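# Coordinates in review
Chain residues, written in single-letter form:
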Amino acid sequence: ITSSGLLSDESVLIKTTVLVDVSTSMPGSMRDEVITALRSLIEHKSKNEEFKLIVFGDEMNTLHDFSSDRYDLANAAEKIKFDGEQSKIYDAIYNTILRISLSDKKLTFYRTIVITDGVDDTVSGITKEELFIKLQNERYPVDVIAVSGNEGEENKELSAIVRMSGGRYYSLIPGTDTASLVQGLGVSGFFYIEVKVPEALLEQIISADR
């Protein structure tokens, strides 16, 4: 073991991709709540955390690349409009999973937060099965904020994404305490351990993984 600590330590860089579903299926009564939650996420992000803001419907559009500047990120969030004709959730998550490089000089934790109502209109493109395989292989955490205009059961498809990725599931419904939601999505309670693995053992691990 060469080092250990909390992900919120300044020695660790956190790169969070935030995907916001802007399709017209998003409940009209919850659209302001989505923006409020996003603003709160930006305001309360860790000092050592960078956000990348992407909106998606039938296509994906990057509003702001990775940045730790809360002011710039908040301004980018103001440009969000719910005008996407379709929602391709699986495509959006699949195509934004970052390839983790072992050559990074600074210890970096990658994750995705997706804010969506769970309605997927995928006719072509990435399938659910393809996404699940990638999540298993990459071990890339995806946190879900499931948006609904009324209180109901967990969305099974979104819950499956969380289970396959090792992420967390949260509901955004009328009356949700946004402060508690944002606090739950933080990384202050997560620990990391950095280890130096003998080359021979590392080769065995990689072979077994394949």
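For the structure itself, look to the data block above.
Structural notes, computed from the coordinates. (Residues numbered from 1 in each chain as written. Predicted model: local features only at pLDDT ≥ 70, side-chain atom pairs only at ≥ 80, totals over all residues. Heavy atoms only, no water.)

## With respect to the overall build of the protein chain
Quick note on the threshold: Note on conventions: DSSP H or I runs of at least 4 residues are helices, E runs of at least 2 residues are strands, and numbering of each starts at the N terminus. Burial classes: relative accessible area under 20% of the type maximum marks a residue as buried, over 50% as exposed, and values in between as partly exposed (1.4 Å probe, protein chains only). Every residue pair with non-hydrogen atoms within 4.5 Å of one another is taken to be in contact.
Each helix and strand in the protein chain was counted, giving seven helices and eight strands. Going through the 210 residues of the protein chain one by one, you find that 43% of them count as buried. Across the protein chain, every contact between residues at least 6 apart in sequence was considered, and the portion connecting residues at least 24 apart equals 79%.

## Here's the deal with the packing of aromatic side chains
Put simply, the rule reads: By convention, a stacked pair of Phe, Tyr or Trp rings (six-membered ring in the case of Trp) has centres within 6.5 Å and planes under 30 degrees apart, an edge-to-face pair has planes over 60 apart, and any other such pair is tilted. Comment: the charge-over-ring label is applied if NZ (Lys) or CZ (Arg) is within 6 Å of the ring centre and within 35 degrees of the ring normal.
Inspection of every chain in the model, using the stated rule, returns zero aromatic pairs. Lying over the aromatic face of Tyr94, Lys134 brings its terminal NZ or CZ to 4.9 Å of the ring centre.

## Some thoughts on the pattern of salt bridges
It is possible for side chains of opposite charge to pair when their charged atoms get near one another. Under the convention used in this document: Salt bridges are counted wherever a side-chain nitrogen of Lys or Arg sits within 4 Å of a carboxyl oxygen of Asp or Glu.
Scanning all chains against the criterion turns up six salt bridges. A salt bridge links Arg39 to Glu78; its shortest N-O distance comes to 3.0 Å. Of this pair, Arg39 sits in helix α1 (residues 31–43) while Glu78 sits in the loop between α2 (70–77) and α3 (89–94), and the two are 39 residues apart along the sequence.

## Quick word on the sheet that holds strand β5 (residues 108–116)
Going by this rule: At least two bridges found by DSSP between two strands are what make those strands a pair. Here the axes come from fitting lines to C-alpha atoms, over the contacting stretch only for helices, and the angles between their N-to-C directions go from 0 to 180 degrees.
As summarised here, the arrangement of the six strands in space is β4-β3-β2-β5-β6-β7, forming an open sheet in which the pairing is mixed. Two strands in the sheet have a free side with no partner beyond their single neighbour: β4 (60–67) and β7 (169–172). Sheet twist, expressed as the mean angle between neighbouring strand axes with direction ignored, is 15°. Two elements, strand β2 (residues 13–21) and β5, share eight bridges in a ladder whose sense is parallel. Residue pairing in the sheet places Ile14 in a bridge with Phe109 of β5. Of the strands in this sheet, β2, β3 (49–56), β5, β6 (142–147) and β7 are in contact with α1, which crosses β3 at around 160°.

## Some details on the pairing of β3
The two faces of the sheet receive side chains in turn, since in a regular strand these alternate between them. What counts here: The handedness rule is simple: strands pointing away from the viewer, and a clockwise path from the first strand over the helix to the second, make the crossover right-handed.
Counting buried positions along β3 yields seven of eight residues, so the element is predominantly enclosed. Pairing analysis gives eight bridges linking β2 to β3, with the strands arranged parallel. Bridge pairing in β3 links Lys15 to Glu50. Remark: the β2/α1/β3 crossover connection has right-handed handedness. Taken together, the five bridges between β3 and β4 define a ladder with antiparallel strand orientation. The residue bridging Phe56 from the neighbouring strand is Met60, located in β4. Between β3 and β4, which pair antiparallel one after the other, the connecting turn spans three residues.

## Structural notes on the packing of α1 against α2
Formally: Here the angle decides the label: under 35 degrees means roughly parallel, over 145 means roughly antiparallel, 65 to 115 means roughly perpendicular, and every other value means oblique. When residues are sorted by character, Ala, Val, Leu, Ile, Met, Phe, Trp, Tyr, Cys and Pro go into the nonpolar class, Asp, Glu, Lys and Arg into the charged class, and all the rest, Gly among them, into the polar class.
Running from N to C, α1 and α2 point in directions that differ by 170°, and their axes come no closer than 9 Å. Comparing the axis directions of α1 and α2 gives the class roughly antiparallel. Between α1 and α2, the contacting residues are Ile35, Leu38, Ile42 and Glu43 on the first element and Arg70, Leu73, Ala74 and Ala77 on the second. When grouped by side-chain class, the residues that make up the contact of α1 with α2 number six nonpolar, no polar and two charged.

## Details of α1
At 3.6 residues per turn, the α-helix brings residues three or four places apart onto the same side. Put simply, the test is: Helix span, as expected, comes to 1.5 Å for every residue beyond the first.
When the terminal C-alpha atoms of α1 are compared, their 19 Å separation across 13 residues agrees well with the 18 Å that a helix rising 1.5 Å per residue should span. Considered for burial, the residues of α1 that qualify are Val34, Ile35, Ala37, Leu38, Ser40, Leu41 and Ile42.

## Focus on the side chain of Arg111
Stated formally: Any pair of N or O atoms that falls within 3.5 Å is considered a polar contact. Within protein, one atom must be able to donate a hydrogen and the other to accept it, and sequence-neighbouring residues count only if both atoms are side-chain atoms.
On the secondary structure map, Arg111 appears in strand β5. Within polar-contact distance, the side chain of Arg111 engages the backbone oxygen of Leu185 at 2.7 Å. Residues in contact with Arg111, not counting those within four places in the same chain, are Lys15, Thr16, Thr17, Glu49, Tyr140, Pro141, Asp143, Arg168, Leu185 and Val187.

## Structural notes on a negative patch on the surface
We apply this condition: Patches here: salt-bridge-free residues with over 30% relative accessible area, like charges joined within 9 Å, nonpolar side chains (Val, Leu, Ile, Met, Phe, Trp, Tyr) joined within 5 Å. Here, Shrake-Rupley sampling with a 1.4 Å probe gives the accessible areas, and only protein chains in the shown set may cover a residue. Counted as positive: Lys and Arg. Counted as negative: Asp and Glu, with His and the chain ends omitted from the count. To locate a charge, take NZ of a lysine, CZ of an arginine, CG of an aspartate or CD of a glutamate.
Judged by side-chain charge, Asp58, Glu59, Asp83 and Glu85 come together as a negatively charged surface patch. Inspection of the secondary structure puts Asp83 in the loop between α2 and α3.

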